[in-house]
Amino acid sequence: MSCQWCTGSGFVQRSLVHVPGPDPFGAGGETAMRAGQCRHCLGSGIYDSGLDPTLEHWRQEPGP
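Just so it is clear, the model here is predicted, and its values are computed rather than measured. (Residues numbered from 1 in each chain as written. Predicted model: local features only at pLDDT ≥ 70, side-chain atom pairs only at ≥ 80, totals over all residues. Heavy atoms only, no water.)

**Student:** Please clarify how the overall build of the protein should be interpreted in this entry.
**Tutor:** Scanning the protein from terminus to terminus reveals zero helices and two strands. Out of the 64 residues belonging to the protein, those deemed buried represent 17%. Relative to all contacts within the protein whose residues are 6 or more apart in sequence, the contacts with residues 24 or more apart total 42%. (Helix = DSSP H or I, 4+ residues; strand = E, 2+ residues; numbered from the N terminus. Buried < 20%, exposed > 50% of the residue type's maximum accessible area, 1.4 Å probe, protein only. Contact = heavy atoms within 4.5 Å.)

This is the structure:
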């Protein structure tokens, strides 16, 4: 099953904003768009819930 977040490509678009100075809301910022690895399929393009770091796998592991 292909990943629904990246539509099987393994990459998603990331937006980064750089604002000069100590106050991040005081001045205009510069936006940069970059491709990043999909965090739901870890770049494979095929979704597997075992690889998804956004899920809480610690709840499924048996306790001590």
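On we go.
**Student:** Which parts of the structure should I look at to understand unusual backbone geometry?
**Tutor:** Note on backbone geometry: most residues besides glycine have negative phi, and most peptide bonds are trans. Here the phi dihedral of T7 falls at roughly 55°; this positive angle occurs in a residue that is not glycine. For T7, the location among the structural elements is in the segment before β1 (11-18).

**Student:** I keep staring at the nonpolar core and nothing clicks. Help me out?
**Tutor:** In summary, soluble globular proteins display a tendency toward joint burial of nonpolar side chains. Ranked by size, the top nonpolar core spans five residues in total: C3, C6, V12, C38 and C41. With residues up to four places along the chain from it excluded, the contact list for C3 reads G8, C38, H40, C41, G45, I46 and Y47. (Core = buried A, V, L, I, M, F, W, Y, C linked by side-chain atoms within 4.5 Å.)

**Student:** Help me understand the packing of aromatic side chains, please; the structure alone is not making it clear to me.
**Tutor:** Aromatic ring pairs are reported here in terms of the distance separating the ring centres and the angle at which the planes meet. The full count for this structure, using the stated rule, is one aromatic pair. Between W5 and Y47 the ring centres are 5.5 Å apart and the planes differ by 50°, which places this aromatic pair in the tilted class. One end of the pair, W5, is in the segment before β1; the other, Y47, is in the segment after β2 (30-37), with 42 residues separating them in the sequence. (Phe/Tyr/Trp six-rings, centres within 6.5 Å; stacked < 30°, edge-to-face > 60°.)

**Student:** What's the story with the state of the cysteines in this structure? I'm lost.
**Tutor:** Disulfides are covalent bonds that connect the sulfur atoms of two cysteines. This model, assessed by the stated rule, comprises zero disulfides. For C3, which is in no disulfide, the shortest distance to another cysteine sulfur is to C6 and amounts to 3.8 Å. Summary of cysteine pairing: C38 is not part of a disulfide, and the nearest cysteine sulfur, belonging to C3, is at 3.9 Å. The exposure class assigned to C38 is buried, which follows from its relative accessible area of 1%. (Disulfide = S-S within 2.5 Å.)

**Student:** Mind showing me how you'd approach the environment of V19 here?
**Tutor:** Along the chain, the position of V19 falls in the loop between β1 and β2. With ten residues separating them in the primary sequence, V19 and G29 have C-alpha atoms 4.4 Å apart. Not counting residues up to four positions away in its chain, the partners in contact with V19 are P24, A27, G28 and G29.

**Student:** Please explain the side chain of H40 as it appears in this structure.
**Tutor:** Mapped onto the fold, H40 is located in the segment after β2. Owing to a relative accessible area of 11%, H40 belongs among the buried residues under this scheme. When residues no more than four places from it in sequence are discounted, the contact partners of H40 are C3, W5, Y47, D48, L51, D52 and T54.

Purely geometric stuff here, so don't read any function into it on its own.
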